[in-house]
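Close look at the chain arrangement
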Amino acid sequence: MGTEGASVEISEPLLVSETQKIKPVEEEPEQQIPGWKDQITIRGLAVSALLGTLFCIITHKLNLTVGIIPSLNVGAGLLGFFCVKSWTGFLSKLGFQVKPFTRQENTVIQTCVVACYGLAFSGGFGSYLIALDERTYELIGADYPGNRIEDVKKPGLGWMIGFLFVVSFLGLFSLVPLRKVMVMDYKLTYPSGTATAMLINSFHTKTGAELAGFYFDFSPTYIGCGLICPHIVNCSVLLGAIISWGFLWPFISQHAGDWYPADLGSNDFKGLYGYKVFIAIALILGDGIYNLIKIIAITVKEVCNKSTKQSNLPVTTEVLDGESSKLLMEQKRRDEIFLKDRIPFWFAAAGYVGLAAISTATIPVIFPPLKWYLVLSSYIVAPALAFCNSYGTGLTDWNLTSTYGKIGLFVMASLVGTNGGVVAGIAACGVMMSIVSTAADLMQDFKTGYLTLSSAKSMFVSQIVGTAMGCIIAPLTFWLFWTAFDIGSPDGPYKAPYAVIFREMAILGVQGFSELPKHCMALCCGFFVAALVINLLRDMTPEKISQYIPIPMAMAVPFYIGAYFAIDMFVGTVILFVWERINRKDAENYAGAVASGLMCGDGIWTIPSAILSIMRINPPICMYFGPSL
């Protein structure tokens, strides 16, 4: 699976979209681009630690209340720029000579911060770790079938930090060899990464600053996603929303009382929620596994054919206008810089195997029911799931980490059984979430680095440093909440709603697949096969037909998340479609900037909104829409 250098390439991009052409900005000469070591600075790491602490607090607060964490990549890039620029400006006024602040250093700071606060979510401080606490056990009830007092483990600062250190780094090594495939060959958009890159570029170039200033607006994120993502992705998301929320869920709901008990809660896996989670998982796995096998097959084919290719191929000279030539030269320069500082395949493989060995030996000490061979089997499967999550994030900007965590939770709980299955399942959930989350974050940051002319090696190193920071900062900031507030109390401000859900799912896993609602497994198998068939059709049919065939991964997201964001993304794609018909050149040049402005405005507002919420300052007006009585 090694894809280093230019010797192994995917022949055709997965998605081709005119919106991926980004208007060139004023780039610094190549000799002024710092080396990868110079992109990582002491002041940058200090700012990263400060912002990482702030963002961890924000993430914990959101995690323990609503349980939904928005992307803070844009805010990390903005505040990183503000902090360093303020500091260098202050020192300059005092007469000190300061090192110039480059977009590459800005990108490294953003990457480090994202890696740090990402562990506040994937670390399970509002979900699976709290699910093991005695409070969650009591909320479910001692008389609840399968809920045992033996399956309780109280949060502790020491074991939580140790657990994060042994599971959080593997995801960084799992997909490094595929960075060229995901970013350059498949040309996945990674909307948040693209928006962050354009924001950073706007801070460090005069043209970019003017463009960003003109288009900056506080508007919904997903309209911006719709402008950046290709039309087929947005239409696939809308189609998935129509199929699931327009037909499938209402149809299943009509069988309440027959297929499943009618009096279950909205988050009970034995009811409609079980269909939503597992059918979405089936679609995601079908699409992800198909594309992973496809990548492996194409890579092997390219390697086998390498020796038969002629080195001196005829060159066709294509006449290009000035704008097109500039775009091609800029893309070529990005490609060269992105591939310049290679991360060898052997290094990634050795790092993954070595860390997996350490983790396999350590995790059973922290969670005795999760035996070493179960941990090892998790690490064998994890790279495939990490690819699926990174691929899906690149398409739709939705990081479905918790969905993949639920796969590990359910499988391991069912394998271990009644004697420790709840603890084993929840621990396996943590292992899986850490890997797939960090892998997706790294690939998102690779996209940002690619667009800001940053070294892939500096991105990788800053992710490692940020992850190490997060392994300490995330538990410490959580401990502040844990000691100061009554976490998990139904009457308190920090209810940790997902803790009960994760524990109940582990209990369901112990009881086995037979406890799932009627026809759930049959529907899952059907949608899994459908995902494979749809992908085959996309690859086997002519392009004039395949370009209209939906993408199963994009369709799967609204099955689980909901239909609300599908409308926003479709509005974005309609705006772009009309814009392209009116003036295609302007649409190609400015659509990315408009989309980034929409996403940046909405993303940046998340920070003061969350801070005001932490301070319990409520908005002056609240609006609610409900059915008339």
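Residues numbered from 1 in each chain as written. Predicted model: local features only at pLDDT ≥ 70, side-chain atom pairs only at ≥ 80, totals over all residues. Heavy atoms only, no water.

The protein is annotated in an unreviewed UniProt entry as Metal-nicotianamine transporter YSL6 from Fagus sylvatica. Under Sequence similarities (unreviewed entry), UniProt gives the following word-for-word description of the protein: "Belongs to the YSL (TC 2.A.67.2) family." In its Subcellular location (unreviewed entry) section, the UniProt record describing the protein reads: "Membrane". (UniProt positions renumbered as here; feature names shortened; annotations may be inferred.)

Secondary structure assignment for the protein yields 25 helices and 0 strands. A burial count over the protein gives 56% of its 629 residues as buried. For the protein, the proportion of contacts with a sequence separation of at least 24, taken over those separated by at least 6, is 85%. When the accessible surface of the protein is split by element, carbon and sulfur atoms take 65% of a total near 26,500 Å². (Helix = DSSP H or I, 4+ residues; strand = E, 2+ residues; numbered from the N terminus. Buried < 20%, exposed > 50% of the residue type's maximum accessible area, 1.4 Å probe, protein only. Contact = heavy atoms within 4.5 Å. Areas by Shrake-Rupley, 256 points an atom, 1.4 Å probe, with all protein chains shown as cover.)

Relative orientation of the contacting elements helix α3 (residues 103-122) and helix α18 (residues 421-451) amounts to 160 degrees, with a least axis distance of 10 Å. One way to sum up the angle between α3 and α18 is to call them roughly antiparallel. Note that α3 runs across α18; the crossing there is right-handed. For the pair α3 and α18, the contacting residues are Thr107, Gln110, Thr111, Val114, Gly118, Leu119, Phe121 and Ser122 in the first and Met433, Ser434, Ser437, Thr438, Asp441, Asp445, Thr448 and Gly449 in the second. (Axes fitted to C-alpha atoms, helices over the stretch in contact; angles between N-to-C directions. Parallel < 35°, antiparallel > 145°, perpendicular 65-115°, else oblique. Left-handed = near helix turned anticlockwise from the far one by under 90°.)

Turning our attention to the side chain of Asn63. Looking at the element boundaries, Asn63 is found in helix α1 (residues 42-65). Overall, the relative accessible area of 4% leaves Asn63 in the buried class. Filtering out sequence-adjacent residues up to four positions away, Asn63 remains in contact with Ile69, Ala120, Phe121 and Gly126.

On inspection of all chains with the given rule, the structure shows 7 salt bridges. The partner of Lys154 in a salt bridge is Glu134, with the nearest N and O atoms 3.9 Å apart. Here Lys154 is found in the loop between α5 (134-140) and α6 (157-167), whereas its partner Glu134 is found in helix α5, with 20 residues between them in sequence. For Lys154, a relative accessible area of 54% corresponds to the exposed category. The closest approach of N and O atoms between Lys180 and Asp185, which form a salt bridge, is 3.2 Å. With relative accessibility at 4%, the residue Lys180 sits in the buried group. Judged by its relative accessible area of 9%, Asp185 is buried. (Salt bridge = Lys/Arg side-chain N within 4 Å of Asp/Glu carboxyl O.)

With that out of the way, let us pick up the environment of Val411. Relative to the helices and strands, Val411 resides in helix α17 (residues 401-416). Spatially, the C-alpha atom of Val411 lies 8.9 Å from that of Ala428, the residues being 17 residues apart in sequence.

What follows covers the nonpolar core. Counting 156 residues, the largest nonpolar core has Phe278, Ile363 and Tyr379 as the members making the most contacts within it. If we ignore the near neighbours within four places in the chain, the residues touching Phe278 are Phe269, Phe410, Met505, Leu516, Cys520 and Cys524. (Core = buried A, V, L, I, M, F, W, Y, C linked by side-chain atoms within 4.5 Å.)

Now for helix α15 (residues 345-366). Taking 1.5 Å per residue as the helical rise, α15 with its 22 residues ought to reach 32 Å, and the 31 Å between its terminal C-alpha atoms agrees with that figure. The axis of α15 is deflected most strongly, by about 25 degrees, at Thr360, and proline Pro364 appears within four residues downstream. Taken together, the buried positions of α15 are Ala348, Gly351, Tyr352, Ala356, Ser359, Thr360, Ile363, Pro364 and Ile366. Residues of α15 that are buried make contact with α6, α7 (170-174), α16 (372-396) and α18. (Expected span 1.5 Å × (residues − 1). Bend = angle between axes of the 7 residues up to and from the residue.)

Considering the arrangement of structural elements, one finds Asn73 in helix α2 (residues 73-93). Spatially, the C-alpha atoms of Asn73 and Ala195 are 8.9 Å apart, while their sequence positions differ by 122 residues. Once residues lying within four places of it in the same chain are set aside, the contact partners of Asn73 are Gln110, Val114, Tyr117, Thr196, Gln444 and Asp445.

So, on to unusual backbone geometry. We note that Tyr190 has phi near 45 degrees; this positive angle belongs to a residue other than glycine. Counting through the fold element by element, Tyr190 comes out in the loop between α8 (179-185) and α9 (191-204). Located in the positive-phi region is His519, a residue other than glycine, with phi close to 70 degrees. Examined against the element boundaries, His519 turns out to sit in the loop between α20 (497-511) and α21 (520-540).

Their axes nearest at 8 Å, the elements α1 and α3 cross at an angle of 35 degrees. In terms of crossing hand, the pair formed by α1 and α3 is right-handed. Contacts between α1 and α3 pair Arg43, Gly44, Leu45, Val47, Ser48, Leu51, Gly52, Phe55, Cys56, Thr59, His60 and Asn63 from the former with Glu105, Ile109, Cys112, Val113, Cys116, Tyr117, Ala120 and Phe121 from the latter. A per-class count over the contact of α1 with α3 returns 12 nonpolar, 6 polar and 2 charged. (Nonpolar A, V, L, I, M, F, W, Y, C, P; charged D, E, K, R; others polar.)

Here we come to the packing of aromatic side chains. Going through the model one piece at a time under the given rule, you end up with 25 aromatic pairs. Their ring planes at 80 degrees and their centres at 5.8 Å tell us that Phe251 and Trp259 sit as a pair that is edge-to-face. Every member of this aromatic cluster is reached through a ring pair, and the members are Phe173, Trp346, Phe347 and Phe460. Lying over the aromatic face of Phe338, Arg179 brings its terminal NZ or CZ to 5.7 Å of the ring centre. (Phe/Tyr/Trp six-rings, centres within 6.5 Å; stacked < 30°, edge-to-face > 60°. Lys NZ or Arg CZ within 6 Å of the ring centre and 35° of its normal.)

What follows covers a nonpolar patch on the surface. A contiguous nonpolar patch, built from Trp372, Tyr373, Leu376, Ile380 and Val381 and spanning about 540 Å² of accessible area, is present on the exposed surface. Position of Leu376 among the secondary structure elements: in helix α16. (Patch = residues over 30% accessible without salt bridge, like charges linked within 9 Å, V, L, I, M, F, W, Y side chains within 5 Å.)

Chain-level pLDDT for the protein is 80 on average; 81% of the residues reach the 70-or-more range. Overall, residues 1-14 carries pLDDT values under 50, and its contacts beyond four positions in sequence, including any with other chains, amount to 51 contacts. Segment residues 207-213: pLDDT under 50, and 8 contacts once partners within four positions in sequence are set aside and those in other chains are kept. (pLDDT = per-residue confidence, 0-100.)

With 31 residues, α18 extends 45 Å from end C-alpha to end C-alpha; this agrees with the ideal 45 Å at 1.5 Å per step. With 31 of 31 residues buried, α18 is to be regarded as a mostly interior element. Phi for Leu453, located one or two positions after α18, is positive at around 60 degrees.

Before going further, it helps to spend a moment on the environment of Gly488. The residue Gly488 is located in the loop between α19 (456-484) and α20 in this model. On the basis of relative accessible area, Gly488 is assigned to the buried category, the value being 5%. With residues near it in sequence (within four places) discarded, Gly488 still touches Arg135, Leu139, Tyr494, Lys495 and Ala496.

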